[in-house]
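What the coordinates show
What follows is each chain in one-letter form.
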Amino acid sequence: MARTQVVTGQVEDLHLVGLTKRFGTMTAVDALDLTIPAGSFFALLGPSGCGKTTTLRMVAGLEDPTEGAILIGEQDVTQLRPYQRPVNTVFQSYALFPHLDIFENVAFGLRRRGIKDVKKPVEDMLELVELGAMARRKPGQLSGGQQQRVAVARALINQPDVLLLDEPLGALDLKLRRQMQIELKRIQTEVGITFVHVTHDQEEAMTMADTVAVMNNGRIEQMGSPVDIYENPRTAFVANFLGQSNLLPGQVVGREDGVTVISAHNATFRIPTARVATDGDSVVVGVRPEKVTVRAKDRAGDLSGRNVLEGVVTDASFTGLSTQYLVRTAWGQELQVFSQNLSADDIVRLGDDVVVSWDPIHSFGLDGASDLHAGMDKELLALQSGDEPAQVG
Amino acid sequence: MPAVVPSAATAHGSDEATVRRSRRSTPYLLLAPGLGWLAVFFVVPLFASLATSLQVPLVEGDPDQGYTQGFAVQNYVNAITEYWPQFLKSFLYAGIATLLALCIAYPLAYFIAFHAGKWRNIMLILVVAPFFCSFLIRTYAWKTILADQSPVTQFLNALHLLPDDRILNTPLAVITGIAYNFLPFMTLPLYAALERIDFRLIEAGGDLYGSAWTTFRKVTFPLSLPGVVAGTLLTFIPAVGDFINAQLLGSVKDKMIGNVIDSQFRIVRDYPMASALSFLLMAATLTIVFLYIRRAGTDDLV
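Residues numbered from 1 in each chain as written. Chains lettered and ligands numbered in written order. Predicted model: local features only at pLDDT ≥ 70, side-chain atom pairs only at ≥ 80, totals over all residues. Heavy atoms only, no water.

Re the side chain of Q188(A)
Residues and elements named next belong to chain A. Relative to the helices and strands, Q188 is located in helix 5 (residues 174-191). The class for Q188 is buried, based on a relative accessible area of 4%. Those residues within four positions of Q188 in sequence are excluded, and the remaining contacts are G39, S40, F41, I193 and F195. (Helix = DSSP H or I, 4+ residues; strand = E, 2+ residues; numbered from the N terminus. Buried < 20%, exposed > 50% of the residue type's maximum accessible area, 1.4 Å probe, protein only. Contact = heavy atoms within 4.5 Å.)

Thoughts on the interface of chain A and chain B
How big an interface is tends to be reported as the loss of accessible area on association of its parts. Taken together, the contact between chain A and chain B spans 26 residues of the former and 20 residues of the latter. On the chain A side of the interface with chain B, the three residues burying the most area are Y83(A), H99(A) and R112(A), jointly 30% of the side's total. A salt bridge links R57(A) to E203(B), with the shortest nitrogen-to-oxygen separation between them at 2.6 Å. Taken together, the connections running from chain A to chain B amount to eight residue pairs in polar contact (both at pLDDT 80 or more). Among the secondary structure elements, those contributing two or more residues to the side of chain A that touches chain B are helix 1 (52-60), strand 6 (87-90), helix 2 (102-112) and helix 4 (144-156) of chain A. (Buried area = accessible area lost by both parts, 1.4 Å probe. Salt bridge = Lys/Arg side-chain N within 4 Å of Asp/Glu carboxyl O. Polar contact = N/O pair within 3.5 Å; in protein donor to acceptor, adjacent residues only side chain to side chain.)

What about the domain arrangement of chain B?
Residues and elements named next belong to chain B. With domains assigned, chain B is organised as domain 1 (10-53) and domain 2 (74-296). A separation of 35 Å is found between the C-alpha centroids of domain 1 and domain 2. Every contact between the two is made by five residues of domain 1 and, on the other side, eight residues of domain 2. For the pair domain 1 and domain 2, the summed buried area comes to about 520 Å², and 65% of that belongs to carbon and sulfur atoms. The three residues of domain 1 that bury the most area against domain 2 are L46, T52 and S53, which together make up 73% of that side's buried surface. Remark: the boundary between domain 1 and domain 2 carries zero salt bridges. Taken together, domain 1 and domain 2 are joined by two residue pairs in polar contact (both at pLDDT 80 or more). In terms of residue class, the side of domain 1 that touches domain 2 is made up of two nonpolar, three polar and no charged. (Domains from an automatic or database assignment. Nonpolar A, V, L, I, M, F, W, Y, C, P; charged D, E, K, R; others polar.)

Focus: the domain arrangement of chain A
The domain boundaries assigned to chain A delineate domain 1 (14-230) and domain 2 (245-384). If you average the C-alpha positions of domain 1 of chain A and of domain 2 of chain A, the two centres end up 38 Å apart.

So, the pattern of salt bridges
Residues and elements named next belong to chain A. For the structure on display, the rule yields 23 salt bridges over all chains. Between D124 and K120 there is a salt bridge, with the nearest N and O atoms lying 2.8 Å from each other. Taken together, the residues span about one helical turn, with D124 and K120 both in helix 3 (residues 119-128) at a distance of four residues. For D124, a relative accessible area of 31% corresponds to the partly exposed category. A salt bridge links E310 to K297, with the shortest nitrogen-to-oxygen separation between them at 3.2 Å. Of this pair, E310 sits in strand 16 (residues 307-318) while K297 sits in the loop between strand 15 (293-296) and strand 16; the two residues are 13 residues apart in sequence, bridging distant segments of the chain. Put simply, E130, E183, R186 and E190 are held in one network by salt bridges that share partners.

Focus on the packing of aromatic side chains
Scanning the entire structure with this criterion turns up 19 aromatic pairs over all chains. Residues F97(A) and F108(A) carry aromatic rings whose centres are separated by 4.5 Å and whose planes lie at 40° to one another, so their mutual orientation is tilted. Placement of the pair is F97(A) in the loop between strand 6 and helix 2 and F108(A) in helix 2, with a sequence separation of eleven residues. The exposure classification of F97(A) matches that of F108(A), with both residues buried. For the pair Y110(B) and F216(B), a centre-to-centre distance of 6.3 Å together with 70° between the ring planes defines the contact as edge-to-face. Residue Y110(B) is found in helix 2 (residues 74-114), and its partner F216(B) is found in helix 9 (residues 212-241); the two are separated by 106 residues along the sequence. Here the aromatic residues Y106(B), Y110(B), F114(B), F199(B), W213(B), F216(B) and F221(B) are joined through ring pairs into a cluster of three or more. Over the ring of Y209(B) we find R113(A); its NZ or CZ atom is 4.7 Å from the centre of that ring. Positioned above the aromatic ring of F97(A) is the side chain of R154(A), whose terminal nitrogen or guanidinium carbon lies 4.8 Å from the ring centre. (Phe/Tyr/Trp six-rings, centres within 6.5 Å; stacked < 30°, edge-to-face > 60°. Lys NZ or Arg CZ within 6 Å of the ring centre and 35° of its normal.)

Observations regarding the sheet that holds strand 16 of chain A
All names here are of chain A. An order of 15-19-16-17-18 is seen for the five strands of this open sheet, with the pairing classed as antiparallel. The sheet is open, and its two borders are formed by strand 15 and strand 18 (334-340), each paired with just one other strand. Along the sheet, successive strands turn relative to each other by an average axial angle of 45°, direction set aside. In terms of strand pairing, strand 16 meets strand 19 (residues 353-358) through six bridges, oriented antiparallel. Paired with G311 across the bridge in strand 19 is V354. (Pairing = 2+ DSSP bridges. Axes fitted to C-alpha atoms, helices over the stretch in contact; angles between N-to-C directions.)

This is the structure:
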């Protein structure tokens, strides 16, 4: 019960209004308009250099915006110094004070605000992050995961309106990261404070956040619930950065009954019009690899009502849980297919002629002018472009 | 196959033992030149000096006749009773000069560490630049700077800030001279300590409701303490024994213990007294440094 008492003040929405930051000629954050509802777990997701950390630092007051305003509820905090804002930060690699013990690290904010009796709140907070026994240790004596929890406790104890987390799990190994994701989500649910979480790890963002904003080149590409933006990406960047996608550029040949019909490479694809992000006639057809079914051509079965393509299997890797295929189409594009291992009969082999198909409701349509490689993993991209000459040869 | 493996392993094992033996001796080989140097030029003179400090004159009352080895603890008693004011003055001047150097060097080191940007290396070179010129020449230059007719003195006089209407030949000149001469010894360790501080810690201080001043007091300064301790020791220890500044910049009344030892050796030729004074200076300095380090508690710092 003590835990739910952590929040006493009224939590307020965070508003960013036309927030812009330029470093010389480089625009890091470009006229960002954003409202983050009170009490939500919000993730700013994007590759390094997309402006997400700069945005966070402006909210914290560590960076001055070039233009725009930051409001917490009705209060404009744009001109306030960091120590005057009802905002606390969990820094990347924690920035715990090495000369103070854990207790004093956590008590730091309370003491600076002139609160005399810090013993009880600090002990409660250490209890919340399950580090009560470590109070008198120095940060250097703690493991990475423990330091991470101290950093969260040190910020949370101040009952900020907004808690900012800058890549908080980046320094942890994979197993610990998973654990801390669950832990952070639990803490957020318990304290009810708005968490704004900056990360480049899409899985982390989707696991923890209620709302994910995908950021690229200083702008928000798309914002919504994790399911929403995963299932219905509106830009090629989001389609590639958040999970993987197969993208086929084509032309609209008809729009009827809420369905858009697109022709590409002599094949016809149907997409629910609500899932097409453009009104133009040039549309990129997209589908996630796990939505696609692959069957040997001679035993394809009934494919009516599905979007269908033919190709040859050029790569098959069995991972136990699923098999990942690469299927080359007649025009040389390689489609990715993740196939769950439901039945051994479904398995197709390298070099097989196959039919790939998917339900139209799993298609999405993007603006035809999109850069189809936007948001792709750079290493993966280099690998693929490295492959292409070999294929030609 | 199984027969080959063990024999290969034993051959390998004996090789390893040889390697291990030679590895164990490596540290001592590395230490040898330093230890040898210290033995010849530090330990031997130290004991020679200790022996000298206990010598007695061959002819009572006539030091010109030379000295013979004795066990005259009285030399130490004489040294203290006769020269305690100079001892006191040395520690006082050196202490004030160290504080003054700290007050000048800290902001300088802070600026170089956090705000100098691309000028950082140039500024560091400028800090060290005085070393390209001899200590003695620099102190002579300081004599000109502080002379009665110099702009500095005249300016301060115009403001009626100088009690004696002059700087040269006053304790003030000695103290400022010491502070100036040892400034790089203060600045460099401070810079090294400040430069190591993760700037995010200072940001975190601000984020956790510390104003700029509070964050400095509670975060930056404590984290720079190793540099403060190193800098003050590097300044204080040589400053206590210094005699150039008092000689060139001070009056006869401002003699420090270094001047006394110097004149006892070179002019009076009372070697036992000079040695006893040296030993007392060493003991007093060690005591002060020891207490200071315990007080500063640098062991607690990471």
